2 protein chains.
Amino acid sequence: MQYSDSILNTPSSFIRNILKVTDAADVISFAGGLPNPISFPIGQLKESVNHAIDESGAKVFQYSTTQGYLPLRQYIAEKHNKKQPGLDYTADDVLITTGSQQALELISKVLLNKGDGVIIEEPGYLGAIQAFTLREPTFHGVTLETEGINIAELKEALKKPNVKMVYTVPNFQNPTGLTYTQKRREEVYEAVKNEDIIFIEDDPYGELRFTGEHLPYIAAGKMENSVLLGSFSKTVAPGMRLGYMLTKNHEFLSHIETAKQASDLHTNIFAQYTLHHYLTNNAYEEHVEKIIALYKEQSDTMLAAMEKYFPPYVSYTKPEGGMFIWVTMPEGVNALEKFHEAMDQKVAFVPGNPFYTGKKEVNTMRLNYTNATPEIIEEGIKRLGEIL
Amino acid sequence: MQYSDSILNTPSSFIRNILKVTDAADVISFAGGLPNPISFPIGQLKESVNHAIDESGAKVFQYSTTQGYLPLRQYIAEKHNKKQPGLDYTADDVLITTGSQQALELISKVLLNKGDGVIIEEPGYLGAIQAFTLREPTFHGVTLETEGINIAELKEALKKPNVKMVYTVPNFQNPTGLTYTQKRREEVYEAVKNEDIIFIEDDPYGELRFTGEHLPYIAAGKMENSVLLGSFSKTVAPGMRLGYMLTKNHEFLSHIETAKQASDLHTNIFAQYTLHHYLTNNAYEEHVEKIIALYKEQSDTMLAAMEKYFPPYVSYTKPEGGMFIWVTMPEGVNALEKFHEAMDQKVAFVPGNPFYTGKKEVNTMRLNYTNATPEIIEEGIKRLGEIL
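Going by an unreviewed UniProt entry, chain A carries the name PLP-dependent aminotransferase family protein and comes from Solibacillus merdavium.

Rendered as structure tokens:
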């Protein structure tokens, strides 16, 4: 059997593959990227699914529209308008996706011919690299610095042929935990605003801010070709696979709708009714505050342990929110080798390798802190410190 | 904005587009393809979702595996083994998809380079045409006759360059309602068994047989490159988007898994737990018998009305199951023109056009009978008869 070139080039998820090893009961794992299950509002979701069935009956189980459940789209538009005045979204600007991952894949279908340019943060989100790779593009990695992507590199990359999109995760990025500064956001906007590209801001973690204020989006609300992606996976429940896309470019959105028809017809409507009932009948913001308090404690614990146990030549990011810390070891240290050493000591992380589109040997690693108790975090970081 | 070639070539669903017109309250519509909502086991699904949450808690809401919920995969394998002894499927041969539509799209990702050959029934399932078109293949349509696809044409098509797959809907096909005979199944198998292609049997309606016995699958259980697709959309509830793929070719399946990771990570696990609980705690077969009785009455009513009101020069299929009847008008009659005439009389159908990959002007139409009462069916067919 001869498979397609694109599937042969698409990495199966390195993370999902190592999880098979790191999930053993006696391993302290910072390798995953799962929300803490104690944050799921199980009782309220159960109430909501019962209400949804009682109130809407067969509609909850029938085929539905590709764009998504209208009241949920209205809720999402209003939620964003409230968060950042001036965004001015309506339900017509929203399309519900089967998780945020599907949004990435639909965008790549709609925009990319083989060889077209994709500008992406380096290191960047692995799920995006996978989704885009299926269309065999040319990746132009732009270094992600503490303040955001490097502007000179971004401008150079924009001059490359057939660049179709710029993909960013401006808040508490996966894998680095970094957040673009206000100034860097403005510089990025100035660099892209007159370009004929789709500018993607993927914001799955934006609500999980521990410190500081919400910073305005880079292009959302200002640029027609802005596409904002969001998700309820980190604040309600990932298992329901509910994400969304917001854009004022309705020609683009109609192509996305066609691509979605061909991909899965529409997103699970049973889950859409349930989520909408949950969001409109519970204190959602208080719920998110509880997740923030939980993750802040875990993040603080991990950072304090790193301060205590890591040697001074190892540097790391200090996230303002989200789920990840990014560790940089000295030049020449091989993260993959360190991964195996760490597994011998029953502690796991994700070596930086799969997050780069250009590099093969790297000295970086991603740590997740949302799925372990403070005691376990302390112990795991202690073991890692010994290896480093 | 320059969009991808493939999205510009992909038809948005003709059916979904005309539904906007045909859904008006005063229109008698045979255009849809929806299961009858009175067939949904709403009360039992409500019980099952509550049990699933009570028994499995946070797992119902957390990220899950790409291949799907193991007990559901086991159930599906056993269900098929019971239906047709010798299939010998195990859970390892099953992957859960976000509806059967996603299976088509994943297969196209894994197999097709631009220009590769796809053999498809003519007329064929529109959702498959859409999904495959995203990879810009070359379609080789093979005439679907009353007994199944034409064998001489199939053999000719198999000689074309880079043919990667043969796509069939052997039972109560969409759009024609036709079922391959036992003899034709054997002839198709002889024609394909030594070819280096994936042979797809898409069987969303197979359980909804009104008359006659289950006929053995064409290639499932006999050919390593056989892929069998199934769905719970027509027998439980389409809104949950739960379909599946069965194959003994595990190399192929591992590529499908990678494609699915990149597409939506995994299928809604909340729905998978709910469906599994429903299937294993209710009299599912009795439930399917009720749907069969309902659809048989509707089909019989429509056929009797066609016998009474249609002119003798109009021919039509007599389905042994499923949801559709296919009507052939005399040569030269334009189905699209008839559609507009029918809409003037407030009755709707789907003109045959979108089901062909090669023809532009056609004299055929698809009628759905599952969503109207016998009285409405009689009245709608009477109006159609006057137009014909």
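Chemist: Please provide a residue-by-residue account of the relation of the copies chain B and chain A, values included.
Modeler: Aligned on chain A, chain B shows an RMSD of 0.0 Å; the corresponding rotation is 180° and the shift along the axis is 0.0 Å. One copy is carried onto the other by what is essentially a two-fold rotation axis. Mapped onto chain A, 100% of the interface residues of chain B again fall at the interface, so both copies present the same surface.

Chemist: Tell me what's going on with the pattern of salt bridges, and back it up with residues and numbers.
Modeler: Pairing is possible between side chains that carry opposite charge, provided their charged atoms lie close to one another. Residues and elements named next belong to chain A. Evaluated as defined, the whole model comprises 42 salt bridges over all chains. The partner of Glu 136 in a salt bridge is Lys 114, with the nearest N and O atoms 3.7 Å apart. Residue Glu 136 is found in the loop between α6 (126–133) and β4 (138–145), and its partner Lys 114 is found in the loop between α5 (99–111) and β3 (117–122); the two are separated by 22 residues along the sequence. Put simply, Asp 116 and Lys 164 hold a salt bridge, and the shortest N to O gap is 2.7 Å. With Asp 116 in the loop between α5 and β3 and Lys 164 in strand β6 (residues 163–168), the pair connects residues that are 48 residues apart, well separated along the chain. Take Lys 164: its relative accessible area is 6%, and that puts it in the buried class.

Chemist: Please give an account of the interface of chain B and chain A that cites residues and values.
Modeler: The partner chain A presents 76 residues to the 76 residues of chain B that form the contact. When the two sides are added together, the surface that chain B and chain A hide from each other amounts to roughly 6500 Å², 58% of it contributed by carbon and sulfur. Linking chain B with chain A are four salt bridges. The partner of Glu 105 of chain A in a salt bridge is Lys 109 of chain B, with the nearest N and O atoms 2.9 Å apart. Linking chain B to chain A there are 41 residue pairs in polar contact (both at pLDDT 80 or more). Looking at the side of chain B that touches chain A, its residues break down into 33 nonpolar, 30 polar and 13 charged.

Chemist: Hey, could you go over the UniProt feature "domain: Aminotransferase class I/classII large" (unreviewed entry) in chain A for me, with residue numbers and the actual values?
Modeler: Those residues carrying the UniProt feature "domain: Aminotransferase class I/classII large" (unreviewed entry) are residues 46–384 of chain A in this numbering. As annotated, residues 46–384 of chain A comprises 41% helix and 17% strand, and the C-alpha atoms at either end are separated by 40 Å.

Chemist: Quick one: what's the story with the domain arrangement of chain A, residue by residue and with numbers?
Modeler: All names here are of chain A. Along its sequence, chain A is organised into domain 1 (5–41 + 286–387) and domain 2 (64–281). Centre-to-centre separation of domain 1 and domain 2, based on C-alpha positions: 24 Å. Summed over both sides, the interface between domain 1 and domain 2 buries roughly 3000 Å², with carbon and sulfur atoms accounting for 66% of that surface. Three residues, Glu 320, Phe 355 and Thr 357, lead the burial of domain 1 against domain 2; their summed loss comes to 22% of the area buried on that side. Between domain 1 and domain 2 we count one salt bridge in total. A salt bridge links Glu 320 to Arg 209, with the shortest nitrogen-to-oxygen separation between them at 2.7 Å.

What counts and what doesn't
Residues numbered from 1 in each chain as written. Chains lettered and ligands numbered in written order. Predicted model: local features only at pLDDT ≥ 70, side-chain atom pairs only at ≥ 80, totals over all residues. Heavy atoms only, no water. Least-squares fit on C-alpha atoms with pLDDT ≥ 70 in both. Contact = heavy atoms within 4.5 Å. Salt bridge = Lys/Arg side-chain N within 4 Å of Asp/Glu carboxyl O. Helix = DSSP H or I, 4+ residues; strand = E, 2+ residues; numbered from the N terminus. Buried < 20%, exposed > 50% of the residue type's maximum accessible area, 1.4 Å probe, protein only. Buried area = accessible area lost by both parts, 1.4 Å probe. Polar contact = N/O pair within 3.5 Å; in protein donor to acceptor, adjacent residues only side chain to side chain. Nonpolar A, V, L, I, M, F, W, Y, C, P; charged D, E, K, R; others polar. UniProt positions renumbered as here; feature names shortened; annotations may be inferred. Domains from an automatic or database assignment.

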